[in-house]
Amino acid sequence: MLIALKIIHMFSLFAGGAASIGNGLLLKKVIASNAPPPPMVAQTMSVIGKIGFGAVILLWLSGLGMTLGRHDIAALDWMFWVKMVGATAVLVPVTMMTAIALKAEKTGTRPDLKRMKTLGSIGRGGVAIAIIFGVLAFN
Ligand code: HEM
């Protein structure tokens, strides 16, 4: 079971990272073009965003499962808690981006792209912290 959780954790890391890089690059192009993206690009970005959000939720669920099932939480050192700060700095902006995108889709309006870009950058910083301190904590 714990091995399955770790496999889910790693696949989610892959899917979340791919979604973040893919949508980050597309967003950069959309902002630079200063025009609404073609529907095909907008739809693809929406799907990639949902994959990214799902991946972050799976990272948290599998991570919590492994923490509670495999480790003594009181014995985990500060590096684990820095990893948690990083993981939170992923969860919060990605959730906000998903909410902004869903609201824009619902109302047919254009999301605030600069805000999306800033939130995406915060999320990528969080991923870097979570990966580095995840590896250090469990080395
Ligand atoms: C963006 C979020 C996250 C990223 C990028 C991430 C990244 C990683 C990486 C790279 C490892 C492998 C470390 C190694 O085995 O050397 C790992 C393992 C682990 N992660 Fe995460 N993680 C995230 C979220 C979480 C969360 C939210 C939790 C707990 C609530 C968590 C708990 C764990 C645990 C317990 C392991 C070690 C599993 C074991 O015993 O082998 N992770 N994570």
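As the structure is a prediction and not an experimental result, all values here were calculated from the model.

Caption draft 1: Spatial organisation of the packing of aromatic side chains. Counting across every chain of the model gives three aromatic pairs. Between Phe-80 and Trp-81, the aromatic rings sit 5.0 Å apart at their centres with planes inclined by 80°, giving edge-to-face as the arrangement. Taken together, a centroid distance of 5.9 Å and an interplanar angle of 75° make the contact between Phe-80 and Phe-138 edge-to-face. Within this pair, whereas Phe-80 is found in helix α3 (residues 78-107), its partner Phe-138 is found in the segment after α4 (113-137), the two being separated by 58 residues in sequence. Residue classification places Phe-138 among the partly exposed residues on the basis of a relative accessible area of 38%. Following the ring pairs from residue to residue traces out a cluster consisting of Phe-80, Trp-81 and Phe-138.

Caption draft 2: Up close: helix α1 (residues 2-33). The end-to-end C-alpha separation of α1 is 46 Å, in line with the 46 Å expected for 32 residues at 1.5 Å each. Looking at the packing, one finds that the buried side of α1 touches α2 (39-70), α3 and α4. Downstream of α1 by a residue or two, Asn-34 has a phi angle that is positive, lying close to 55°.

Reading guide: rules and limits
- Residue indices follow the written sequence of each chain, beginning from 1 at its first position.
- The predicted origin of the model limits local features to residues at a pLDDT of at least 70 and limits the giving and counting of side-chain atom pairs to 80 or more, whereas totals for whole chains, interfaces and linings rest on all residues.
- Processing note: side-chain calculations cover all non-hydrogen atoms of the structure and skip hydrogens and water entirely.
- Aromatic contacts are taken between Phe, Tyr and Trp rings whose centres are within 6.5 Å, Trp giving its six-membered ring; a plane angle under 30 degrees counts as stacked, one over 60 as edge-to-face, and the others as tilted.
- In this description a helix means any DSSP run of H or I spanning at least four residues, a strand means any run of E spanning at least two, and both kinds are numbered starting from the N terminus.
- Per-residue accessibility, obtained with a 1.4 Å probe over protein chains only, is compared with the maximum for each type, and a residue is labelled buried under 20%, exposed over 50%, and partly exposed between these values.
- Given a helix with a known number of residues, its expected span is that number minus one, times 1.5 Å.
- Residue contacts follow a heavy-atom distance rule, with two residues in contact if any of their heavy atoms lie within 4.5 Å.

Remember, this is a structural readout, not a statement about activity or role.
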